Amino acid sequence: MSSKASSSRGGESIVADCGRNTTTCGYCKSPTPSSISHALLDRGWRRSGCYLYKPEMAKTCCPSYTIRLRASDFVPSKEQQRVRRRLERFLDGELDLKPRERTEDPVVSVSEPVRKSLGSGKREQNNEVEPILKDLSELIDNAVQRCIQSGELPSNIQLPKSSVKKVLSAKRKKLAEGSEELLYTSNIAFPIVAALKQTSQNGEGSNILSPETISEKLLSEMNKVGEFTGLAIKVCKGHINFFSATSAEREQGESLISATTTTTAKSSSNNLQVSKRKLEIHLKRSSFDPEEYKLYKRYQLIVHNDEPDSISRKSYTRFLVDTPLIEVDGDDDENVPPCGFGSYHQQYRVDGRLIAVGVIDILPKCLSSKYLFWDPDFASLSLGNYSALQEIDWVKQNQAHCSTLEHYYLGYYIHSCNKMRYKAAYRPSELLCPLRYQWVPFEVAKPLLDKKPYSVLSDFTKAFLSPAPQASETLAKSTSERKDMEMNNSNEDSDSDSSRNGIDINNILISLNGARLRYKDLLRIMNMAVREQVESMFISYRKVVGAELSERMLYELQ
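On a predicted model such as this, the values are computed, not experimentally measured, just so you know.

Calculation criteria
- Residues numbered from 1 in each chain as written.
- Predicted model: local features only at pLDDT ≥ 70, side-chain atom pairs only at ≥ 80, totals over all residues.
- Heavy atoms only, no water.
- Helix = DSSP H or I, 4+ residues; strand = E, 2+ residues; numbered from the N terminus.
- Buried < 20%, exposed > 50% of the residue type's maximum accessible area, 1.4 Å probe, protein only.
- Salt bridge = Lys/Arg side-chain N within 4 Å of Asp/Glu carboxyl O.
- Expected span 1.5 Å × (residues − 1).
- Axes fitted to C-alpha atoms, helices over the stretch in contact; angles between N-to-C directions.
- Parallel < 35°, antiparallel > 145°, perpendicular 65-115°, else oblique.
- Contact = heavy atoms within 4.5 Å.
- Nonpolar A, V, L, I, M, F, W, Y, C, P; charged D, E, K, R; others polar.
- Core = buried A, V, L, I, M, F, W, Y, C linked by side-chain atoms within 4.5 Å.
- Arc of directions from axis to C-beta.
- Pairing = 2+ DSSP bridges.
- pLDDT = per-residue confidence, 0-100.
- Phe/Tyr/Trp six-rings, centres within 6.5 Å; stacked < 30°, edge-to-face > 60°.

Participant: Outline the environment of leucine 182, supporting the account with residue identities and numerical values.
Facilitator: By secondary structure assignment, the location of leucine 182 is in strand β8 (residues 182-186). When its relative accessible area of 5% is taken as the criterion, leucine 182 is described as buried. Taking the C-alpha atoms as reference points, leucine 182 and serine 244, separated by 62 residues in sequence, lie 6.5 Å from one another.

Take a look at the structure:
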């Protein structure tokens, strides 16, 4: 079904019936959630550009259930909270992209004098370890070797290599006061003690040093050498901790690794620096943007392994830019959010670089997510999950401007598709019954879907809940309509007289050669042959869109 226009404030839409279309199921390979205006959303319809589609649930290999949640009831899970924190750490400069995905300079940058003092020119390139971590590990290993040469550590056993790790902000909060400047830490003293104990059990030694003693010895050796500036080193309970060298610490005479007093004085401008990033989110009307199209092509090629020839500007525009929704400006209308209603592209930029685009429809009662494409370089940030959290927050924030704005629609949920199951993690969510169009809590529907892909969810609900939650008020749930749906489910292809007599099609709104009329008015000018042909078509149309929508939308008769 193709739609020419759909007003977000009501009125009439003009639709052209494209009939049934058998296509290869894309959900068996990868999910492509989409959206449409609110009334059709609550009938299980979706939008792809200006085309509206609805799967035949009893026939498709992957039954697709519309899924939504009430934004004000949403409670983020621990994993969803971790997604937020991960991106915040990335923006704060405390987390870098995974090495295999990094295309920019590392987040943590060290001034040139510090690089030289660390011997960066001699360092072998190692993409698996952040350079500064490798340098600090080598610094500790050299101190261990000097302790062996001086006899403070035994030379007859092989001691483990050190490992230095970055201290995340979440762990800093659990440490003592003043730990905010703690950047890196190593627990090398503990594996060294374990190695000494193993040797002692084999009868090769008896004097076992404590982790505290070993860490103090290593600190003393590192202070003697003073290989670089910019970090303060302290030991605590056997751990070797690296702090950012602040001016306050230098005034207090804290131990710094420095070759000379002159070098220490210069270190105030050569401290380890953490570069922060800026995230900007821009909401813009749906339109073709060359930068977005470039990102879309890269996403489809790398993430979905599409063939280059299958991606074109025309197909992209038809899929994600074209829209049947009429733009409604926000103005000063208290029932419209400041951005208005319609189709939008929400851009996510980090330091000006476009990293993701969310394609959404903003409607009077919901925000409906259609598609998201993102930069594969930023895959480790879980941008799909992050954008969903942002869109849920948007609904909450704009309820003050639009009191009817209530729900967040996530597109289709396919229980048999593992790539789709993440949508159920946004709780408490509901699935739309494909027969009676009632909303069913996911926790109630899940046991039935575990048994078979297609289920009449409202039947299951009636056994456990009374009454079952109803779908949007925009659709009248009359007794006759429920009978229609049951009839449609039992025999979707039936053209028998009994099926025709059970459905009232008299008030279907029709557009014919520019004239606007009801089906009952059209009967006066049709002969019996034509009537037989179009009546079956209108019965099918009435079944899939429902009574209320069939009387609101203009069916274009060609």
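Having seen it, we continue.
Participant: How would you explain the pattern of salt bridges if you had to name every residue and give the values?
Facilitator: Applying the stated criterion across every chain yields a total of 20 salt bridges. With a shortest N-O distance of 3.6 Å, glutamate 221 and arginine 146 are connected by a salt bridge. Of this pair, glutamate 221 sits in helix α7 (residues 211-225) while arginine 146 sits in helix α4 (residues 131-150); the two residues are 75 residues apart in sequence, bridging distant segments of the chain. Arginine 285 is paired through a salt bridge with glutamate 327; the nearest N and O atoms lie 4.0 Å apart. Taken as a pair, arginine 285 in strand β12 (residues 279-285) and glutamate 327 in the loop between α11 (313-321) and β13 (342-350) lie far apart in primary sequence, 42 residues in all.

Participant: Which residues make up helix α18 (residues 528-545), and what values go with them?
Facilitator: Across its 18 residues, α18 extends 26 Å between first and last C-alpha, which sits within 8% of the 26 Å expected from 1.5 Å per residue. Of all the residues in α18, the buried ones are Val534, Glu535, Ser536, Phe538, Ile539, Tyr541, Arg542, Lys543 and Val545. Where α18 terminates, the next one or two residues include glycine 546, which has phi positive at roughly 90°.

Participant: Describe the packing of α4 against α7, and please don't skip the residues or the numbers.
Facilitator: Packing of α4 against α7 leaves a shortest axis separation of 9 Å and a crossing angle of 105°. When the axis of α4 is compared with that of α7, the two are roughly perpendicular. Only Lys217, Leu218, Glu221, Met222 and Val225 of α7 make contact with α4, whose side of the interface consists of Leu139, Ile140, Ala143, Val144, Arg146 and Cys147. Considered class by class, the residues forming the contact of α4 with α7 number 8 nonpolar, no polar and 3 charged.

Participant: Account for the nonpolar core, with residues named and values stated.
Facilitator: If you look at the biggest cluster of nonpolar residues, it comprises 37 residues, and the most contacted ones within it are Tyr426, Leu431 and Leu457. Elements with a contribution of two residues or more to this core: β5 (65-70), β14 (353-363), α12 (383-398), β16 (407-413) and α13 (442-451). Discounting chain neighbours no more than four positions away, the residues touching tyrosine 426 are Leu69, Phe74, Gln80, Gly384, Asn385, Ala388, Leu389, Ile392 and Leu410.

Participant: Can you break down α7 residue by residue, with the values?
Facilitator: Here α7 contains 15 residues, and its C-alpha end-to-end distance of 22 Å stays within 8% of the 21 Å for a straight helix at 1.5 Å per residue. Buried within α7 are the following residues: Pro211, Ile214, Ser215, Leu218, Leu219, Glu221 and Met222. Along α7, the residues classed as buried sweep out an arc of 165° about the axis, all on the same side.

Participant: Summarise the sheet that holds β14; cite the residues concerned and give the values.
Facilitator: Pairing is mixed across the open sheet formed by 8 strands, whose spatial order is β12-β13-β14-β15-β16-β5-β17-β18. Here the strands that pair on one side only, and so sit at the sheet edges, are β12 and β18 (439-441). Neighbour to neighbour, the strand axes of the sheet diverge by 30° on average, direction disregarded. Alignment of strand β17 (residues 429-432) against β18, held across 3 bridges, turns out to be antiparallel. Across the sheet, residue leucine 432 finds its bridge partner in β18, namely tryptophan 439. Strands in contact with α13 are β5, β16, β17 and β18; relative to β18, the strand with the most contacts, it is inclined by about 85°.

Participant: Before we move on, can you summarise the pairing of β5 with the specific residues and values?
Facilitator: Burial within β5 is extensive, with 5 of its 6 residues counted as buried. Pairing analysis gives 5 bridges linking β5 to β16, with the strands arranged antiparallel. Among the inter-strand pairings, arginine 70 is bridged to a residue of β16, identified as histidine 407.

Participant: So what's going on with the confidence of the model for the protein chain? Which residues, and what values?
Facilitator: Mean pLDDT for the protein chain: 76, with 70% of residues reaching 70 or above. Of the regions scoring below 50 in pLDDT, residues 472-499 engages in 52 contacts with residues more than four places distant in sequence or in other chains.

Participant: Give me the lowdown on the packing of aromatic side chains, citing residues and values where you can.
Facilitator: If you walk through the whole model with that rule in mind, you get 15 aromatic pairs. Here the aromatic rings of phenylalanine 288 and tyrosine 316 are separated by 6.0 Å at their centres, their planes lie at 75°, and the arrangement is edge-to-face. With a gap of 28 residues between them, phenylalanine 288 in the loop between β12 and α10 (290-302) and tyrosine 316 in helix α11 connect regions that are remote in the sequence. On the basis of relative accessible area, phenylalanine 288 is assigned to the partly exposed category, the value being 22%. Overall, tyrosine 316 belongs to the buried group, its relative accessible area being 0%. Taken together, the ring pairs in this structure connect Phe288, Tyr293, Tyr296, Tyr316 and Phe373 into an aromatic cluster.

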